[in-house]
Amino acid sequence: MSKLKKQLPKAKITHTPVLLGEVLDLLKPAAVGNKPASQSVMVDGTCGEGGHAEAFLSRYANLILLCVDADKEQIESARRRLKKYGSRVELFTMWFSDFFSDYHAYNRKLPDRILLDLGISRFHYEKSGRGFSFQRDEYLDMRISKELKQTAYDIVNKAVEQELVNILREYGEERFAYAIARAICRERKSKPVRTSVQLAQIVSNAVPRQSSKRRIHPATKTFQALRIAVNGELNELEKGLAAGFTLLKKGGRFAVISFHSLEDRIVKRFFKSKNKSCTCPPEWPICQCRGEKELILLTKKPITPGDTEVRANPAARSAKLRVVEKCA
Ligand SMILES: C[S@@+](CC[C@H](N)C(=O)[O-])C[C@H]1O[C@@H](n2cnc3c(N)ncnc32)[C@H](O)[C@@H]1O
């Protein structure tokens, strides 16, 4: 058995890290004078298979990396890939907001670099078997962490119609939320909606024909909405930004790559709120709060991938990178 195990091929890396060159430059470990600092601690809060992580470890020898992912399978892939970096890497299977909130319990130096590369990886769409994609007919699970109790199947088959409408509107910005929710409720009366292809078919039939000229598949927004709802992604992002920023060392940098407007809006607003000096009501003639900016925006506009990157990796097309530096 152990011999057989040894002969099994290692799980293949599927994900290509997005905006890698830009992230490597903007999160380069801090320098002291013209020498690199003796040691820099970076948290990769969404390490996935460790694509960004490996690039950082191989380029910057003075870097210690704390790798976090809520998905145990991803952490195991990263563990195999990053093994060669020995004690420079530690891996944690947990949600990044919990990791940041509990950080002091780990007794580590404060991080001066934090990276969040949001969403899910190519592994999830292509290999996880959890129904994230309608390109494959899979059970509607959609949990990033198996510890979550509620699956997409539970929502699709048990939520009341109005709840489905709200999820599709809020998390998918879906114009046809009502028609789709009604079609799901009609369908599940005869048999449960079990799989991704079954759901995609219901959505396609519910959406008016002329809208099928949309650039994206009619079910894309429904799948996005369900995934966000199952994993509580927006709430997790809000909590993670606040806890991560509090933790970040003064002068440290925080980078976030987002993939849709709901995420980017949260990131943009959070950074903007910390970039204000005065928080007094606008009608007050003189500042009373004597507030000071907490960060500098290193990217006034988000950085997006160029044509070459999008051609090589179409999944990068909607990526937006925002980076800030915490004021010293
Ligand atoms: C886009 S992938 C990261 C890819 C990685 N940067 C790379 O280059 O290989 C996002 C990863 O974040 C994980 N994830 C998403 N939300 C998370 C959260 N709130 N806490 C921890 N991990 C999360 C997913 O499981 C996924 O593996």
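Rules of the game
- Residues numbered from 1 in each chain as written.
- Predicted model: local features only at pLDDT ≥ 70, side-chain atom pairs only at ≥ 80, totals over all residues.
- Heavy atoms only, no water.
- Pairing = 2+ DSSP bridges.
- Helix = DSSP H or I, 4+ residues; strand = E, 2+ residues; numbered from the N terminus.
- Axes fitted to C-alpha atoms, helices over the stretch in contact; angles between N-to-C directions.
- Contact = heavy atoms within 4.5 Å.
- Near = heavy atom within 4 Å.
- Polar contact = N/O pair within 3.5 Å; in protein donor to acceptor, adjacent residues only side chain to side chain.
- Areas by Shrake-Rupley, 256 points an atom, 1.4 Å probe, with all protein chains shown as cover.
- Nonpolar A, V, L, I, M, F, W, Y, C, P; charged D, E, K, R; others polar.
- Salt bridge = Lys/Arg side-chain N within 4 Å of Asp/Glu carboxyl O.
- Buried < 20%, exposed > 50% of the residue type's maximum accessible area, 1.4 Å probe, protein only.

Undergrad: Help me understand the sheet that holds strand β6 (residues 113-117) in this model?
TA: Within a sheet, neighbouring strands are paired by backbone hydrogen bonds and run either parallel or antiparallel to one another. Spatially, 7 strands are ordered β5-β4-β3-β6-β7-β9-β8 in an open sheet, and the strand pairing comes out mixed. The strands lining the two open edges of the sheet, one partner per strand, are β5 (89-93) and β8 (295-297). Neighbour-to-neighbour, the strand axes of the sheet open up by a mean angle of 15 degrees, direction not taken into account. Pairing geometry for β8 and strand β9 (residues 320-326), over 3 bridges, is antiparallel. In the sheet register, Leu295 faces β9, and the bridge partner there is Lys326. Lying on the sheet, helix α4 (residues 72-82) is in contact with β4 (63-69) and β5; it crosses β5 at an angle near 170 degrees.

Undergrad: Whenever I open this one, the site of the ligand confuses me. Can you help?
TA: Contacts to the ligand come from 25 residues, most closely from His52, Asp69, Phe96, Asp117 and Glu236. At 2.9 Å from a nitrogen atom of the ligand is found a main-chain nitrogen or oxygen belonging to Phe96. Take Glu236: an N or O atom from its side chain is 3.0 Å from a nitrogen atom of the ligand. Contact with the protein chains hides 98% of the accessible area of the ligand, taken as 600 Å² for the molecule alone. Residues of the shell around the ligand, tallied by class, amount to 9 nonpolar, 11 polar and 5 charged.

Undergrad: Could you clarify how one ought to interpret the pattern of salt bridges in this entry?
TA: Once the charged atoms of two side chains with opposite charge are near each other, the side chains can pair. Considering all chains together, one arrives at 17 salt bridges under this definition. For Arg130, the salt bridge goes to Glu73, with nearest N and O atoms at 3.0 Å. Highlighted residues: Arg130 in the loop between α6 (122-126) and α7 (152-158) and Glu73 in helix α4, separated in sequence by 57 residues. A salt bridge links Arg122 to Glu126; the nearest nitrogen and oxygen atoms lie 2.9 Å apart. Separated by 4 residues within a single helix, Arg122 and Glu126 lie in helix α6, roughly one turn from each other. For Arg122, a relative accessible area of 37% corresponds to the partly exposed category.

Honestly, it's all geometry; don't read function into it.
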